[in-house]
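Next come the chains, spelled out residue by residue.
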Amino acid sequence: MDVTTTPPVKRVIAGATAAADGSSSDTSSGGAVARNGGHHHRRSSSLGGENHPFFEYFGWVYHLGVNTIGHEYCHLRFLFIKGKYMEMYKRDPHENPGIKPIRKGVIGHTLMIEEAGRQKVNHGDIYVIRFYNRLDETKKGQIACATAGEARKWMEAFDHAKQQAEYEISRRVSARNKLNMETEIDLEAHRPRVRRYASGLKRLIKIGQGPESLLRQSSDLGGSVRDGYFEGDAGDAVEAHQWKCVRTVNGVRIFEDVSDSKSGRGRGVLVKSVGVVDASSDTVFEVILNLDRHRRYEWDMLTGDLELVDSYDGHYDVVYGTYDPKYLTRWQSKRDFVFSRQWFCGQDGTYTILQIPAIHKKRPPRNGYRRTKISPSTWEVRSLNMPMGSSGAKCLVTQMLEIHSSGWCRWKKNSSSKFEKTIHYALLSQVSSLKEYIGANPALKVESSTMVVQSKLSNASSSSGDYEDIDAQDQFYDAIAAASSSSEDEDSDDDSELDKKDMKVKLKNVSWAITSLALKRTSGQDANKELDSSVAPITIDPSQFHGSMQQERDGIDSNCWSSPSGKGFMIRGKTYLKDNAKIMGGDPLLKLIAVDWLKADKASDRIALHPKCLVQSDAGKKLPFILVFNLQVPAKPNYNLVLYYASSRPVNKDSLLGKFVDGTDAYRDSRFKLIPSIVEGYWMVKRAVGTKACLLGKAVTCRYLRQDNFLEIDVDIGSSSVARSVIGLVLGYVTSLVVDLGILIEAKEEGELPEYILGTVQLNCIRLDSAVALEVVQASA
């Protein structure tokens with residue numbers, strides 16, 4: 001049986017106005033084409049208004065779990081998201097009218113969706129998505145997809161569903177009570193089991209034989225790219241490197257970093273090769289990560305012979321490889337190497353892979369081979385925004401490495417050809433080989449990103465009577481919901497019920513043209529707009545506020561903090577919704593008055609309620625408003641980086657900041673944004689952290705405390721396996737890093753533009769041992 005999992009297909013059901021015009025979605029092929037007045041819908045991010053399109057998502061996923069007798073299973077299931085409701089079927093309800101869901105439920109605003117990375121099941125790699133409730137952290141189950149791109153599409157679908165639930169709550173008070181009464185979707189709990197002693201015996205024996213095999217061992221690498229548009233091709237912080245093109249080899253440019261600033265690269269030279277590949281970023285990522293020898297032989301001359309040694313947490317593994325140096329030079333023994341790979345996908349869809357030399361006890365030195373260290377390197381795969389109407393997907397592939405060889409300069413000046421015989425050159429040539437390999441295999445290329453499933457659409461998938469509380473004017477584009485479990489038995493699966501369906505997916509590229517960034521500073525934010533202009537401003541005396549970390553004094557201090565301007569960050573400009581143009585940030589709206597660097601046995605929330613916190617001091621109580629930003633860093637012990645930002649006037653209740661301060665947790669999760677930038681430090685850490693803005697509420701668990709004159713945001717970095725691995729790398733080099741952070745509230749509507757920097761901080765070479773122990777105090781909200 002060969003059934004292919006697919007990313008969620010998006011279908012748009014227009015609101016009441018569109019329906020009256022006869023412009024509802026085109027469902028003749030059961031697809032994802034949205035029509036309203038002859039125009040394609042773009043996903044709206046606004047939560048207001050009456051005539052929002054209503055989206056549905058559906059497609060095949062793997063449901064992972066453990067049955068009642070303790071055996072793992074991996075079942076192929078059809079997932080259907082409609083409004084704020086989700087249903088799971090054994091078969092496609094479009095092809096099987098009248099079939100009932102085996103699970104259904106509501107996804108509320110407290111449900112957290114986490115990318116759990118890549119796992120191997122019966123020799124097949126799948127990408128896992130994990131669900132849990134952020135209030136009690138109870139598990140809600142796992143699903144998996146065949147490719148990373150499919151997993152990302154599903155995470156977007158679930159995120160839209162959470163926003164729909166929050167939208168309905170904000171519209172009607174009764175909706176919150178109803179949502180609390182409904183059962184949240186739970187894919188982890190066992191459904192009531194109906195035992196069939198005679199006919200069910202064969203099933204029980206089948207389960208006892210071990211985990212179910214995947215119905216599909218290989219993935220269609222031409223999966224999908226993200227529809228809509230990206231935030232921009234560059235990062236959201238000003239790049240510290242200065243790249244100069246020094247060679248072009250087989251259509252791939254080779255750059256050298258010629259900046260004079262400290263880059264943490266030691267004695268070496270930082271170089272990179274950059275090429276445009278005619279495929280989606282998902283496709284290229286899968287090819288790079290794939291260890292299949294036959295495939296790698298077609299494009300990788302150096303690291304073609306690879307085998308997996310160990311794997312951790314879905315985003316990290318250790319690989320052993322061998323190569324024969326006769327392809328580079330003569331009369332040398334064979335060599336082997338061990339390196340670790342760590343990968344993650346940013347919220348903009350950019351993949352980053354870090355490759356670092358490693359040592360592993362399972363692969364000691366081998367007779368007949370000379371153990372060597374492959375230079376540390378990184379891959380970055382980023383989708384390119386193609387002009388409207390162009391066909392096919394393209395991505396920019398960058399490989400970066402540090403070269404210690406003195407022969408680099410001679411090769412650059414064309415005075416030596418020996419560099420072509422080195423491992424460094426072989427690594428830099430991988431981008432060119434990858435480009436040619438994908439070009440020679442049309443099956444790997446992506447044809448489109450708006451999917452039309454060739455199946456007959458049926459209205460039997462979910463009747464209108466099931467969701468009679470949803471009015472047409474209340475239907476919004478982001479939605480999901482939960483209901484009680486069915487009484488059918490899912491722990492055992494009858495493969496005969498799954499008909500072989502030819503799920504042919506046709507893709508069509510939908511993207512938006514991106515204009516060049518406007519590298520000019522934005523005008524200063526109008527304080528009258530965000531702060532209450534009717535109240536006279538107070539003078540904030542920094543000498544009245546002290547944290548455990550000292551403020552920088554003479555510019556050469558270490559283990560200290562300062563508050564830079566916002567010029568190092570790129571933010572959305574006034575015309576962003578039309579041309580995606582970003583501008584340079586201005587001065588922060590809030591003033592950074594103190595920084596605490598604390599340690600404790602466990603992650604600590606509600607720092608502002610601690611009696612020794614500056615918020616509880618006499619001077620702190622006199623401030624109109626304080627934003628407490630508490631970054632919880634997982635380690636042994638746990639660390640808390642607490643930033644205190646103050647305003648000179650009270651917050652304007654009708655402003656974007658006012659809506660954020662007094663809004664719901666879901667609204668805050670969808671708006672609070674952090675821009676990181678490592679100004680000085682090891683280049684590998686810079687690539688791991690990146691410079692793209694991150695919506696923290698979507699990446700990690702954020703908890704909020706609103707009282708009196710303050711709002712505290714507790715950010716649990718340890719709630720995400722990806723964030724944990726990145727912060728672990730950062731802590732290893734933290735004493736040599738200069739880190740800039742900018743926080744802001746994301747603007748999604750034209751009236752909220754341009755964005756403004758809420759606050760900034762620069763952390764200079766922090767010492768872990770300087771953290772002050774946090775006293776445990778029984779403080780209640």
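Given the structure is predicted, the values throughout are model-derived calculations rather than measurements.

### Structural notes on the overall build of the chain
- Within the chain, the regular secondary structure consists of 17 helices and 37 strands.
- Across the chain, every contact between residues at least 6 apart in sequence was considered, and the portion connecting residues at least 24 apart equals 71%.
- Accessible surface computed for the chain: about 33,400 Å², of which carbon and sulfur atoms make up 49%.

### Topic: unusual backbone geometry
- Geometrically, the link from K636 to P637 is a cis peptide bond, its omega value of 0° lying close to zero.
- Residue position: P637 is located in the loop between β29 (625-633) and β30 (638-647).
- Phi angles above zero are rare outside glycine, and N580 is one such case at about 60°.
- Checked against the element boundaries, N580 lands in the loop between α11 (576-579) and β27 (582-584).

### With respect to the sheet that holds β30
- The sheet built from six strands is open, its strands ordered β33-β34-β29-β30-β28-β37 with mixed pairing. What marks the edges here is a single partner per strand, and that holds for β33 (701-707) and β37 (772-773).
- Bridge count between strand β28 (residues 591-600) and β37: two bridges; the pairing is parallel. In the sheet register, L598 faces β37, and the bridge partner there is V772.

### Concerning the pairing of strand β8 (residues 111-121)
- In terms of residue burial, β8 counts as a mostly covered element, since eight of its 11 residues are buried.
- Alignment of β8 against strand β9 (residues 124-133), held across 10 bridges, turns out to be antiparallel. Bridge pairing in β9 links Q119 to I126.
- The turn joining β8 and β9, which pair antiparallel and follow one another in sequence, is formed by two residues; a positive phi near 50° is taken by N122.

### Digging into the pattern of salt bridges
- Taken as a whole and assessed by the stated rule, the structure comprises 27 salt bridges.
- Measuring nitrogen to oxygen at the nearest pair gives 3.0 Å for the salt bridge that ties E752 to R671. Placement of the pair is E752 in the loop between β35 (738-745) and β36 (759-764) and R671 in the loop between α14 (665-669) and β31 (672-680), with a sequence separation of 81 residues.
- Classification of E752 as buried rests on a relative accessible area of 11%.
- Salt-bridge contacts for R703 lead to D716; the nearest nitrogen and oxygen are separated by 3.9 Å.

### Overview of the sheet that holds strand β25 (residues 560-562)
- An order of β24-β25-β36-β35-β31-β32 is seen for the six strands of this open sheet, with the pairing classed as mixed. The open sheet has two edge strands with one neighbour each: β24 (550-551) and β32 (694-695).
- One ladder, built from eight bridges, connects β31 with β35; its direction is antiparallel. Of the residues in β35, the one forming a bridge with I675 is G742.

### Comments concerning the nonpolar core
- By size, the foremost hydrophobic cluster in this structure holds 62 residues, and its most contacted members are L627, F629, L657, I713, V715, L758 and V761.
- Considering each element in turn, this core owes the most residues, seven residues, to helix α17 (residues 721-732).
- When sequence neighbours within four positions are dropped, the list of residues in contact with L657 reads E530, L531, L589, V651, I745, Y756 and L758.
- Grouped together as the second largest cluster of nonpolar side chains are 46 residues, F158, A279, Y437 and I438 included.

### Description of the side chain of N764
- For N764, the position within the fold is in strand β36.
- Discounting chain neighbours no more than four positions away, the residues touching N764 are E552, D557, S558, N559, C560, L737 and V738.

### Comments concerning the packing of aromatic side chains
- Applying the stated criterion across every chain, the model contains 16 aromatic pairs.
- An angle of 85° between the planes, with centres 5.3 Å apart, marks the rings of W60 and F78 as edge-to-face. Highlighted residues: W60 in strand β4 (residues 54-66) and F78 in strand β5 (residues 72-82), separated in sequence by 18 residues. Pair check on accessibility: W60 and F78 agree, each one buried.
- Ring centres 6.0 Å apart and planes at 65° place the aromatic pair Y682 and W683 in the edge-to-face group.

### As for the confidence of the model for the chain
- When pLDDT is averaged across the chain, the result is 75; 71% of the residues are at 70 or more.
- Here residues 14-51 is modelled with pLDDT under 50, and outside its nearest four sequence neighbours on either side it reaches 87 contacts, counting other chains as well.
- When the criterion is pLDDT under 50, residues 494-524 qualifies, and its contacts beyond four places in sequence or with other chains add up to 92 contacts.

### As for the state of the cysteines
- For the coordinates displayed, the defined rule picks out zero disulfides.
- Counting only cysteine sulfurs, C702 is the nearest neighbor of C694, a cysteine outside any disulfide, at a range of 8.7 Å.
- Given a relative accessible area of 21%, C694 falls into the partly exposed group.

### Re α17
- If you check α17, its first and last C-alpha atoms are 17 Å apart, about what 12 residues at 1.5 Å a residue would give, namely 16 Å.
- Within α17, nine of the 12 residues are buried, which leaves it mostly tucked inside the rest of the structure.
- Listed in full, the buried residues belonging to α17 are S721, V722, A723, S725, V726, I727, L729, V730 and L731.
- Capping of α17 at its N-terminal end is provided by S720; its side-chain oxygen lies 3.3 Å from the backbone amide nitrogen of V722.

### Thoughts on the environment of F710
- Here F710 shows up in strand β34 (residues 710-716).
- Distance in space between the C-alpha atoms of F710 and A608 is 8.2 Å, their sequence separation being 102 residues.
- Those residues in contact with F710 that lie beyond four places of it in its chain are A608, L609, V615, Q616, F625, I626 and L705.

### Remarks on the pairing of β31
- Counting buried positions along β31 gives seven out of nine residues, so the element sits mostly inside the fold.
- As paired strands, β31 and β32 are joined by two bridges and run antiparallel to one another. Paired with K673 across the strands is L695, a residue of β32.

### Describing the packing of helix α5 (residues 281-289) against helix α9 (residues 430-439)
- Look at α5 against α9: their axes get within 12 Å of each other, and the N-to-C directions meet at 115°. Looking at the two axes, α5 sits roughly perpendicular to α9. Judged by the sense of rotation from one axis to the other, the crossing of α5 with α9 is right-handed. Contacts between α5 and α9 involve V284, V287 and I288 on the former and, on the latter, L434, Y437 and I438.

### A few points about the environment of F55
- Take F55: it is sitting in strand β4.
- Residue F55 is classed as buried on the basis of its relative accessible area, which comes to 1%.
- Separated by 105 residues in sequence, F55 and H160 place their C-alpha atoms 8.9 Å apart.

What counts and how
- Residues numbered from 1 in each chain as written.
- Predicted model: local features only at pLDDT ≥ 70, side-chain atom pairs only at ≥ 80, totals over all residues.
- Heavy atoms only, no water.
- Helix = DSSP H or I, 4+ residues; strand = E, 2+ residues; numbered from the N terminus.
- Contact = heavy atoms within 4.5 Å.
- Areas by Shrake-Rupley, 256 points an atom, 1.4 Å probe, with all protein chains shown as cover.
- Pairing = 2+ DSSP bridges.
- Buried < 20%, exposed > 50% of the residue type's maximum accessible area, 1.4 Å probe, protein only.
- Salt bridge = Lys/Arg side-chain N within 4 Å of Asp/Glu carboxyl O.
- Core = buried A, V, L, I, M, F, W, Y, C linked by side-chain atoms within 4.5 Å.
- Phe/Tyr/Trp six-rings, centres within 6.5 Å; stacked < 30°, edge-to-face > 60°.
- pLDDT = per-residue confidence, 0-100.
- Disulfide = S-S within 2.5 Å.
- Expected span 1.5 Å × (residues − 1).
- Polar contact = N/O pair within 3.5 Å; in protein donor to acceptor, adjacent residues only side chain to side chain.
- Axes fitted to C-alpha atoms, helices over the stretch in contact; angles between N-to-C directions.
- Parallel < 35°, antiparallel > 145°, perpendicular 65-115°, else oblique.
- Left-handed = near helix turned anticlockwise from the far one by under 90°.

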